[in-house]
Amino acid sequence: MLKQSLIVLTALLLFALPATGVFATDPDTVADIRIIVHCAPEKQDLWTSVARSTIPLQTGDPYSLDKISEAVTALKNSLFFEHIHVPDPQKQANGMVLFFELTPFSRISEIKVNHAFPLFEQEVLNVMTIRTGGIYQEDKVAPQAQRVEKLFKERGFYDPKATVTATPDQNQVRIVVDIQKGPFYRIRKIVFKGNQNLSSARLKLSLKTWRTSLLPFQGNRFTQKEMDEDIKELTRIFRQKGYAEVLVTARQAVVDGTHEVDVVFTITEGPLYRISFTGNETLSQRKLNKELLLKKDGNKNNFALRRSLRNIKKLYAQHGFPDARIKEEKGPDSPDTGWRQVDIRVNEGPRYRVSELTLPGATTLPLKQIKKNILTSGKGGIFDAGVLEEDLAAITALYLKEGFTRVKADKKVTVSDGEDKAQKAVIIDITIKEGPRTTVEDIELSGMSALAPDDALAILSLKQGQWYDASLIEADTAALQQAVAQQGFPHVEVTCDTIFSKDLTRVKLDFHIDQGPKVCVGRIFYAGHTRLRESELAEEMEIGPGDPFSLLNIVDSRRNIQGMNAVDTVRIRSVGLKTREPEADLVVEVTEKKPYFVELAGGYDTERHLYTEGRIGDKNFTGRNLNIEAGLELSQVGYQADIALTEPRFLSSRLISHSRAFTQEQEEFNKDYGISTYGLSQDFSKDFFDKKLKLTFGIGYEFRDQYLRVDRALTDDEEDDYGVRHIGQFSTGATFRTTDSYVHPKKGMFVSSTLDIFKGIDDTLDDFFKIRLDARYYYPAADSLTLAFRGGYGYMQSYGGNTHISDDQLFYLGGTSTIRGFDENMLRFDEDGNAIGGRAAAIFSVEARYEFFKDFEAALFFDTGAVRRIQEGVDESFRSSIGVGIRRQTPVGPLSFLYAWKLDPEPGEDPGCFHFSLGYTF
């Protein structure tokens, strides 16, 4: 029987191990581990080292099947190797020689999406679980088609088909996603049923379902998601109007023989709630209305009304009326007229006021310090039992912080009749039993060699001789652990024992540090990059081979790489850390953004009139994380073109270099001259304080040709202005931004200042400097109301022997981006109707932006400004305008339709001006 069992056991082992090719041998030690990697020759060292760091076996370890199984599991879990084969080991005199044959996963070199329009390619990539640069797993490909099809169904295409194919190329795989969107249901009409008190036209304006798409041939595409959102929006609208029990449902009806649907919204309005309050003498009805939840939550089964009554009672307690009784008295409902009367009866009761507040037992800490930490006021203050409980906790916390480890705070509340029946007098006695006060007598550090004792003690918040604060122990333990870990001890554990004296007046802190083994960074491997050079990734690492292993430095490295223009996502994995190896290798896996981009735009605004513009570029030029782009703009005022190269790490520093070559020809409105220029510029910038502050400086050269557009004689002063000039420029500036959005700011500030120094190369005409200041502030006055303020100032001053500045360099105001209500550049103009500029300009604007409807905003604004220090004539006072407008929010910014009236029109001037633009004026 025993012999049969051994035969069966042997057979089972042989059956279980063919996947790895390991056969049972006599127990022995591991003499050698040989790794064979099937990959491109240039990647052999990479994957061999990764495998050695991953396998939890070393030469000299005991040989066992369990150990080999653990090694195979570790290799699989690493997600680095697609095929793992362990052939038979070789038995030698000094032990077993193990072989691991490994094939790394292929990497996805590109994901190409075909026929995604009207969706963006990025939308398709976002729903997929595979990424460029990621590992290729065959079983992960098929589900991607289902995810893409689901996306298009959500966008209204009811029978989409997606095909995902993979084309291997050595160790890389190219993924192609072909999409056949199929037909979609177009909305023929919207139907409302059951709405008696709100018109269908009013409701239709609130719906996403009704709005026509701006994309060609995509108008009124039906989607279930938008219909569901519209149900919520209609419910919200009716609740805000007082129909707390409203029920909204919707269905789509396919029109026979077509790809059209009718969307039918069925509305059961329910009664109109009329809520009145009686007995509320202290708190206004407006304040009480804020505690009602019916408009927000509805009133199914009367739940919201009951919760509202509890909220009102709590509000009264906070205002000193703990005995207040809030009761709903059923009013005379009228089914015929469809309304429900809710009468809320308030019996406020007497108001409790604090007549006396004492703190017996508080002998050590100043009473002023204690009272500063509590909310209950002294004589005449409102009594709130809930606040009093919080005050007891605050007093206890204060004493604990000051070293009183056994403090207790108890209250005694005595209520008596006040001077009149409407009030109660409350005497509050907060008795404090301070107990002994504890001082930190000594701090000991044991088990630590990574830090000098003085350096370690400097890290701690608790110091010898200070009052003991138990709340700081946890923070000090974490700080000490982090400091030791930074020195290359990632497995460190820190605990703290507190040893009190018998009388509790002294405490000894004993920090026990178990450093664990020191770990250094071994090799750093990079994977997933297809075009980005490895050297560019290495430059962003804050940690290198041989450095102490530091998680903080690894986190900083990840942040740096994630911020690279060419990188989409990054993950850094450590190999060998879990097994407490003395060296931990790092594997940096990145996915790259699509490098090439094309942008086209066109439209109309009042500054340029008709315009079209386009840009093309490469976000990862030559694989060095450089951004190169070229742009061209054509409009009714001229053209401009440029080519620019941005280097985010100039000479391996944190300076951002921006090199640009440009040419333009501009004939601005209301000026009788034009300007043709071309030139070069080189700017450097650096970000500070999490990119809130940016400092810039740069140099430039410009070839400028100013020419007349009309046939007139030039004055003596003007003759030098016209013709070709060569100008050098030095500029510096600072920008500080805390706004919550670049496109649609609602709060925060933006401040910018620049100094430009110009130098004429051929003459002194352009010897001057220019200072510009711009400040903007956004204040959210209410949920739907934003107040925006802007102030700006510009100043020019010639230097050397120059006394005249050319007209094309002066400040001009008037127009969409400066003072609205005036034509472009026409805040000041001469008798011939030409714009006048000056050496100084000031501007101030305030604008109220009210979001009255989803994605729509009304604007009311006031602009004022002045052009000063004109070269001929007399300075005039500020000119102002007021205006109104409407904006439609879009993904690229608001479309603005504005009209402004001059407050002081001069003879012959139009009373106002219409403005249209994309984006905010400020």
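Above this note sits the structure.
Just so we're clear, the structure is a prediction, and the values are computed from it rather than from any experiment. Note that residues are indexed from 1 along each chain, following the sequence as it is written. In keeping with the predicted nature of the model, local features appear solely for residues at pLDDT of at least 70, side-chain atom pairs appear and are counted solely at 80 or more, and the whole-chain, interface and lining totals rest on all residues. Calculation of side-chain values draws on the structure's entire complement of heavy atoms; hydrogens and water are dropped beforehand.

Description of the overall build of the protein chain
Next up, step 1: The numbering of helices and of strands both runs from the N terminus, where a helix is a DSSP run of H or I of at least 4 residues and a strand a run of E of at least 2. Within the protein chain, the regular secondary structure consists of 17 helices and 39 strands.
Next up, step 2: Radius of gyration means the value over C-alpha atoms here, while the globule rule gives 2.2 Å times the residue count to the 0.38 power. For 922 residues, the compact-globule formula gives about 29 Å, and the C-alpha radius of gyration of the protein chain, at 38 Å, lies well above that figure.
Next up, step 3: Projecting the C-alpha coordinates of the protein chain onto the three principal axes gives extents of approximately 120 × 90 × 80 Å.
Next up, step 4: Working definition: with a 1.4 Å probe on protein chains only, accessible area under 20% of the residue-type maximum means buried, over 50% means exposed, and in between means partly exposed. Going through the 922 residues of the protein chain one by one, you find that 43% of them count as buried.
Next up, step 5: In the protein chain, of all internal contacts separated by at least 6 residues, the share reaching a separation of at least 24 is 60%.
Next up, step 6: Only carbon and sulfur atoms are counted for the fraction: they give 54% of the accessible area of the protein chain, which is about 48,200 Å².
Next up, step 7: Once the 116 positive and 131 negative side-chain charges of the protein chain are each reduced to a mean point, those two points are 8 Å apart. Throughout, a residue-residue contact means that at least one pair of heavy atoms, one from each residue, lies within 4.5 Å. For the area figures, the Shrake-Rupley method with a 1.4 Å probe applies, and any residue is considered shielded solely by the protein chains shown. Neither His nor the chain ends is counted toward charge; the positive residues are Lys and Arg and the negative residues Asp and Glu. By convention, charge coordinates are those of NZ in Lys, CZ in Arg, CG in Asp, or CD in Glu.

Thoughts on the pairing of strand β38 (residues 893-902)
Next up, step 1: DSSP-based pairing: two strands are paired if at least 2 bridges between them are found. Where strand β37 (residues 879-890) lies against β38, 10 bridges are found, and the strand directions are antiparallel. In the strand pairing of β38, T890 is matched with G893.
Next up, step 2: Here β38 pairs with strand β39 (residues 912-918) via 7 bridges, running antiparallel. Considered in β39, the bridge of F897 is made with F916.

Quick word on a negative patch on the surface
Next up, step 1: Candidate patch residues must exceed 30% relative accessible area and have no salt bridge, after which like charges are joined if within 9 Å and Val, Leu, Ile, Met, Phe, Trp or Tyr side chains if within 5 Å. Salt bridge, as used here: a side-chain nitrogen of Lys or Arg that lies within 4 Å of a carboxyl oxygen of Asp or Glu. Residues D716, E719, D720, D762 and D763 make up a contiguous surface patch of negative charge.
Next up, step 2: Relative to the helices and strands, D763 is located in the loop between β32 (748-760) and β33 (768-782).

Points about helix α7 (residues 224-240)
Next up, step 1: Helix span is expected to be 1.5 Å times the residue number reduced by one. Between the first and last C-alpha of α7 there are 25 Å, a value that for 17 residues agrees with the 24 Å anticipated at 1.5 Å per step.
Next up, step 2: Considered for burial, the residues of α7 that qualify are M227, D230, I231, E233, L234, T235, I237 and F238.
Next up, step 3: Phi turns positive one or two residues past the end of α7, at G242, with a value near 105°.

Section: the nonpolar core
Next up, step 1: Counting residues in each nonpolar core, the largest one holds 28 residues, and the members touching the most others are W47, V50, L75, F81, L98, F100 and L102.
Next up, step 2: Of all the elements in the fold, those that place two or more residues in this core are β1 (28-37), α2 (44-54), α3 (65-77), β3 (81-85), β5 (95-104) and β21 (520-527).
Next up, step 3: What L98 contacts, discounting residues up to four positions off in sequence, is V30, D32, I33, R34, L57, Y63, I68 and P89.
Next up, step 4: Here, nonpolar core means buried Ala, Val, Leu, Ile, Met, Phe, Trp, Tyr and Cys residues that are tied together by side-chain atoms lying within 4.5 Å of each other. V124, Y136, A145 and V164 belong to the second largest nonpolar core, which has 23 residues in total.

So, the packing of aromatic side chains
Next up, step 1: A pair of Phe, Tyr and Trp rings is counted when the ring centres sit within 6.5 Å of each other, with Trp represented by its six-membered ring. The angle between the planes then sorts it: under 30 degrees is stacked, over 60 is edge-to-face, the rest tilted. Scanning the model with the defined rule gives 21 aromatic pairs in all.
Next up, step 2: Summarising the aromatic geometry, the rings of F80 and F81 are spaced 6.4 Å apart at their centres and angled 80° between planes, so their arrangement reads as edge-to-face. In terms of burial, F80 and F81 fall into one category: buried.
Next up, step 3: For the ring pair Y399 and F404, a centre distance of 5.0 Å and an interplane angle of 65° mean the geometry is edge-to-face.

Here we look at helix α10 (residues 303-318)
Because each turn of an α-helix spans 3.6 residues, side chains separated by three or four positions in sequence point in the same direction.
Next up, step 1: Here α10 contains 16 residues, and its C-alpha end-to-end distance of 23 Å stays within 8% of the 22 Å for a straight helix at 1.5 Å per residue.
Next up, step 2: Residues of α10 that are buried: A304, L305, S308, L309, I312, L315 and Y316. Here the buried residues of α10 occupy an arc of 140° about the axis, which is enough to place them on one side. Exposed residues pointing more than 90 degrees away from the buried face of α10 are listed as R310 and K314.
Next up, step 3: Of the residues one or two after α10, G320 is the one with positive phi, at around 95°. The arc in question is traced by the directions running from the helix axis to the C-beta atoms.

Describing the layout of surface pockets
Next up, step 1: We place a 1 Å grid over just the protein atoms. Points where a 1.4 Å probe fits but has no way out form a cavity, open points with protein on both sides within 12 Å along at least 5 of 7 lines form a pocket, and any residue with an atom within 4 Å of a point lines it. Grid points are joined across faces, edges and corners, and a volume is the space filled by probe spheres set on the points. Taken as a whole, the second largest pocket encloses approximately 1,100 Å³ of empty space.
Next up, step 2: When residues of the lining of the second largest pocket are traced back to their parent elements, those giving at least two are α16 (551-562), β28 (656-666), β29 (673-688), β30 (693-708) and β31 (723-737).
Next up, step 3: If you tally residues by element for the lining of the second largest pocket, the top one is β29, at 6 residues.
Next up, step 4: Each residue belonging to the lining of the second largest pocket can be placed in one class, and the counts come to 8 nonpolar, 12 polar and 13 charged. Under the scheme applied, nonpolar residues are Ala, Val, Leu, Ile, Met, Phe, Trp, Tyr, Cys and Pro; charged residues are Asp, Glu, Lys and Arg; polar residues are all the others, including Gly.

Looking at the sheet that holds strand β10 (residues 247-254)
Next up, step 1: In spatial order, the strands read β9-β11-β10; together these 3 strands make up an open sheet with mixed pairing. The open sheet terminates on both sides in strands that have one partner only, identified here as β9 (186-193) and β10. On average, adjacent strands in this sheet sit at an angle of 20° to one another, irrespective of strand direction.
Next up, step 2: Where β9 meets strand β11 (residues 260-268), 7 bridges bridge the pair, whose relative direction is parallel. The partner of F192 across the bridge, within β11, is F265.
Next up, step 3: For helices, the fitted line uses only the C-alpha atoms of the stretch in contact; every axis is such a line through C-alpha atoms, and the angle between N-to-C directions lies from 0 to 180 degrees. α7 contacts β9, β10 and β11 of the sheet and is inclined by roughly 150° relative to β10.

Topic: the environment of G801
Next up, step 1: Following the sequence through the fold, G801 ends up in the loop between β34 (785-798) and β35 (840-853).
Next up, step 2: According to the relative accessible area criterion, G801 is exposed, its value standing at 67%.
Next up, step 3: Placed 418 residues apart in sequence, G801 and F383 show a C-alpha to C-alpha distance of 76 Å.

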